[in-house]
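# Architecture and fold: a report
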Amino acid sequence: MTELTRRTWAEIHLDRLAENYCRLRAIAPHSRFAGLVKANAYGHGALPVARKLEALGADYLLVACLDEALELREGGVRMPILILGYTPSDCLPDLLREDLTQTVYDPEQADELSRRALALGGRLRCHLKADTGMSRLGVLCNEATLDTAADTLAAMARLPGLEAEGLFMHFADADTSPAYSAMQIARFRGLLDRLDARGVHFSIRHCCAGAATLNYPEMHLDMVRPGILLFGHSPDHACDGKMALSPVMELKSRVASVKRLPAGTSVSYGCTYTLERESVVAAVPVGYADGLFRLLSNRQEMLVHGRRARQIGRVCMDMCMLDVTGIPDVRVGDVVTVFGDGIPLEEKADTLGTITYELLCAVSPRVKRVYLDA
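Below, the structure is looked at part by part.

The rules behind these values
- Residues numbered from 1 in each chain as written.
- Predicted model: local features only at pLDDT ≥ 70, side-chain atom pairs only at ≥ 80, totals over all residues.
- Heavy atoms only, no water.
- Disulfide = S-S within 2.5 Å.
- Buried < 20%, exposed > 50% of the residue type's maximum accessible area, 1.4 Å probe, protein only.
- Axes fitted to C-alpha atoms, helices over the stretch in contact; angles between N-to-C directions.
- Helix = DSSP H or I, 4+ residues; strand = E, 2+ residues; numbered from the N terminus.
- Parallel < 35°, antiparallel > 145°, perpendicular 65-115°, else oblique.
- Left-handed = near helix turned anticlockwise from the far one by under 90°.
- Contact = heavy atoms within 4.5 Å.
- Nonpolar A, V, L, I, M, F, W, Y, C, P; charged D, E, K, R; others polar.
- Pairing = 2+ DSSP bridges.
- Expected span 1.5 Å × (residues − 1).
- Polar contact = N/O pair within 3.5 Å; in protein donor to acceptor, adjacent residues only side chain to side chain.
- Phe/Tyr/Trp six-rings, centres within 6.5 Å; stacked < 30°, edge-to-face > 60°.
- Salt bridge = Lys/Arg side-chain N within 4 Å of Asp/Glu carboxyl O.

## Focus on the state of the cysteines
Between two cysteines, a covalent bond joining their sulfur atoms is known as a disulfide. On inspection of all chains with the given rule, the structure shows 0 disulfides. Distance from the sulfur of C320, which forms no disulfide, to the nearest cysteine sulfur (C316) is 7.7 Å. Overall, C320 belongs to the buried group, its relative accessible area being 0%.

As structure tokens, then:
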């Protein structure tokens, strides 16, 4: 037991991250690789993951906002970083000073960034964004607006003070909607053709996140950005089995108390669970303040001594209880696997009707990350 593993901790297997990276590179060998490290690298720790990806030879890192990019630069990461979301134009000095790449998604934003960059005597590297059906950020690009979109993006790309290195889009449902994805692909290809005809070319064209990397290899283009796949999880059950991946995070805790309770005893807040027999109950110091959703109460299992134990009663803020009856020699200090080897995170996601992304991102900052690298 170490200081980091006294209570509840997340083991981050960087060797598994490297294995996933190599497998993903192998299916897109002619494309650059962008590692997603937004949202604290999906809960895995942005800086350690970024450093590992930099050492492995990834080409780009992707973050959601300026603060995430600055954290990486302050931590010594020097490789290219693309900010996917909104950055106020007032922050342009930070973008230039730290050599960051900014997503530019409408002409007004482009004009403002161009003007400010010229005033500072600099040039901002950027990737332009096309909206082919996600209806989020980007220049609207549908069958009726392809020519207008091409004109708009061409004008943005030619603005002084901007270095338009890339152009990208985002699939709305590359997991389960081939018809909708085919429509988006046709729009993006039509847009690229029109831009080429206008003499506007981009060195990095990209559109494939996780599911699209698996399902649409013809669209790998100049860069892929596989997201959740890098961390060992399928983006959707429709993609299960298409690639062998190793989950990078395991959430673990320890037994804090073991006691035998008589039949008829109620367990935890609200008395939502009553023992039907004399039982051995273990208290485990992990709760919803650690990211273990309260809605999982009475609906999940954890691993003790390599065996599944049912969680009983409501999950508390800092603790929950397990029925360990029938698991011999459970003692205070024994390791409990909340999710990880033997307890797939997908089980908990399915129980909640959500996705693994949400549960990984929910693991709270007070849960210590322990980095393992074989």
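## Quick notes on the packing of helix α7 (residues 146-157) against helix α8 (residues 178-197)
Two elements in contact, α7 and α8, have axes whose closest approach is 9 Å; the angle formed by their N-to-C orientations is 55°. Regarding the angle of α7 to α8, the classification is oblique. Every pair of crossing elements has a handedness; the one defined by α7 and α8 is right-handed. Contact with α7, carried on its side by L146, D147, A149, A150, L153 and A154, involves R187, G190, L191, R194 and L195 of α8 and no other residues of that element. Residue classes in the contact of α7 with α8 are distributed as 7 nonpolar, 1 polar and 3 charged.

## Regarding the sheet that holds strand β11 (residues 249-254)
An order of β12-β15-β18-β17-β16-β19-β11-β1-β20 is seen for the 9 strands of this open sheet, with the pairing classed as mixed. Whereas interior strands pair on both sides, the edge strands pair on one side only; in this sheet they are β12 (257-261) and β20 (368-372). Mean inter-strand twist for the sheet, computed between neighbouring axes without regard to direction, equals 35°. Note that strand β17 (residues 307-312) and strand β18 (residues 320-323) share 3 bridges and pair antiparallel. Each residue of the ladder has a partner; that of Q311, found in β18, is L322. Across the sheet, helix α1 (residues 14-27) touches β1 (9-13), β11 and β20, and the angle it forms with β1 is around 40°.

## Topic: α8
Along its 20 residues, α8 runs 28 Å from first to last C-alpha, staying within 8% of the 28 Å computed at 1.5 Å per residue. When α8 is considered as a whole, its buried residues turn out to be S181, Q184, I185, R187, F188, G190, L191, L192 and L195. Tucked inside the fold, the buried residues of α8 contact β6 (124-131), α7, β8 (162-168) and β9 (204-208). Directly after α8, the chain includes G199, whose backbone phi takes a positive value near 80°.

## With respect to the environment of R125
Among the secondary structure elements, R125 is positioned in strand β6. With 26 residues separating them in the primary sequence, R125 and D99 have C-alpha atoms 8.0 Å apart. Among the polar contacts made by the side chain of R125, one reaches the side chain of D99 at a distance of 3.2 Å.

## Thoughts on the pairing of β18
With burial as the criterion, each face of β18 is covered, one bearing C320 and L322 and the other bearing M321 and D323. In terms of strand pairing, strand β15 (residues 279-284) meets β18 through 4 bridges, oriented antiparallel. Bridged to A282 within β18 is L322.

## Describing the packing of aromatic side chains
Within the structure shown, the criterion is met by 4 aromatic pairs. Taking 4.8 Å as the distance between ring centres and 75° as the angle between the ring planes, the aromatic pair formed by Y21 and F33 counts as edge-to-face. Here Y21 is found in helix α1, whereas its partner F33 is found in strand β2 (residues 32-36), with 12 residues between them in sequence. Each member of the pair, Y21 as well as F33, carries the same accessibility label: buried. With 6.0 Å between their ring centres and 35° between their planes, Y42 and Y357 make a pair best called tilted. One end of the pair, Y42, is in helix α2 (residues 38-42); the other, Y357, is in helix α11 (residues 356-362), with 315 residues separating them in the sequence.

## Quick notes on the pairing of β9
Of all 5 residues that make up β9, 4 are buried, and the element is covered over most of its length. In this sheet, strand β10 (residues 223-224) lies alongside β9 in parallel orientation, the contact comprising 2 bridges. Bridge assignment links H206 to a residue of β10, and that residue is M223.

## Digging into the pattern of salt bridges
Taken as a whole and judged by the stated rule, the model has 22 salt bridges. A salt bridge links D341 to R16; the shortest N-O distance between them is 2.9 Å. Here D341, found in the loop between β19 (335-339) and α10 (345-352), pairs with R16, found in helix α1; they are 325 residues apart in sequence, far enough to count as distant. Salt bridges sharing partners connect three or more residues here, namely R7, D290, D318 and R366.

## Topic: the packing of α1 against helix α3 (residues 46-56)
The N-to-C vectors of α1 and α3 enclose an angle of 45°; their axes lie 11 Å apart at closest approach. Taken together, the axis directions place α1 and α3 in an arrangement best described as oblique. Crossing of α1 over α3 shows right-handed handedness. On α3, the residues touching L14, L17, A18 and Y21 of α1 are V49, K52, L53 and L56. Split by residue class, the contact of α1 with α3 holds 7 nonpolar, no polar and 1 charged.

## Focus on unusual backbone geometry
Notably, Y42 is not glycine yet its phi reads approximately 55°, a positive angle. Taking relative accessible area as the criterion, Y42 reaches 7% and is therefore assigned buried. The phi angle at H305 is positive, at roughly 55°, despite the residue not being glycine. Among the structural elements, H305 can be located in the loop between β16 (301-304) and β17. The partly exposed category is assigned to H305, whose relative accessible area is 40%.

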